[in-house]
Amino acid sequence: MNTDPLLIVVSGPGGVGKSTVVKLLVERYPELWLSRSWTTRERRPGESRDAYVYVSRDDFEARIVADGFLEHAEFLGNYYGTPTLDESAERDVILEIDVQGARQVLQKEPDAVLIFLEAPSRDDQLQRLRRRGDPEEKVAQRVNKAEQEASAGRELGAQTIVNHDIDDTVEQMWNVIEKARAAQGRTGL
Ligand code: 5GP
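Let us look at the structure shown here.

**Some words on the pairing of strand β6 (residues 78-83)**
On any regular strand, side chains alternate: one points to one face of the sheet, the next to the other face.
Thinking step 1. In terms of residue burial, β6 counts as a mostly covered element, since six of its six residues are buried.
Thinking step 2. Of the two faces of β6, both are covered, the one formed by Asn78, Tyr80 and Thr82 as well as the one formed by Tyr79, Gly81 and Pro83.
Thinking step 3. The sheet contact formed by strand β3 (residues 38-39) and β6 spans two bridges and is antiparallel. Paired with Trp38 across the two strands is Gly81, which belongs to β6.

**A look at helix α1 (residues 18-28)**
Thinking step 1. Among the residues making up α1, those that are buried are Lys18, Val21, Val22, Leu25 and Val26. The buried residues of α1 all sit within an arc of 125 degrees when viewed along its axis, so they share a single face. The exposed residues of α1 that point more than 90 degrees off its buried face are Lys23 and Glu27.
Thinking step 2. Packed against the buried residues of α1 are β1 (7-11), β2 (32-34), β7 (92-96), β8 (113-118) and α6 (166-183).

**Side note on the pattern of salt bridges**
Thinking step 1. All chains considered together, the criterion is met by 16 salt bridges.
Thinking step 2. Among the salt bridges present, the one from Asp167 reaches Arg28, with a minimum N-O distance of 2.4 Å. Of the two residues, Asp167 sits in helix α6 while Arg28 sits in helix α1, which places them 139 residues apart along the sequence.
Thinking step 3. Residue Arg28 is classed as partly exposed on the basis of its relative accessible area of 33%.
Thinking step 4. With a shortest N-O distance of 2.2 Å, Asp92 and Arg181 are connected by a salt bridge. Here the residue Asp92 occupies a position in strand β7, and Arg181 occupies one in helix α6, the gap between them amounting to 89 residues. In this pair, the class of Asp92 matches that of Arg181, namely buried.

About the criteria used
Residues numbered from 1 in each chain as written. Predicted model: local features only at pLDDT ≥ 70, side-chain atom pairs only at ≥ 80, totals over all residues. Heavy atoms only, no water. Buried < 20%, exposed > 50% of the residue type's maximum accessible area, 1.4 Å probe, protein only. Helix = DSSP H or I, 4+ residues; strand = E, 2+ residues; numbered from the N terminus. Pairing = 2+ DSSP bridges. Arc of directions from axis to C-beta. Contact = heavy atoms within 4.5 Å. Salt bridge = Lys/Arg side-chain N within 4 Å of Asp/Glu carboxyl O.

Right, dumping it as structure tokens:
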């Protein structure tokens, strides 16, 4: 019986509602723990202070040198990284990270489960990005990146879920997690 925590990687382009869905998933299933990433990106207006650990490039680079990240990547000019996880953790861990990070995690932890969220349409994605106050130039960059990310997700064998309805998406994610646990002979949650 495998009792190690399972790593669940959630990826998907900006504007698919990843953070909202992941927040609800961990609220609904306290057996899951959401890792908090480090970033050098500025906090968006209205973004929660604890959405990330916001740091300077110098601080981020010092942590890279100290081998303090499970994975890290540069995304549209900023660093993002998952701090090294505490191996003694008892809850399964959710990582909400980009596909470059997902690739690194799968290399280190081949049992990790990858879920790729997609927006119902390009229009839907555009509207969400604009609503959260991204500058128009960033909106365009993120939309252009979406197809590239989706094909990387497919190549990594991700389970794709189209985020039509938040509740439904959360339940589909939970089903994927439960199936992976059963398939890997892990103890029930
Ligand atoms: P945003 O700026 O929209 O918050 O995030 C940009 C991208 O970086 C998203 O795809 C998000 O999932 C990803 N991201 C957030 N945290 C991490 C992390 O720790 N590592 C990696 N590789 N990507 C991350």
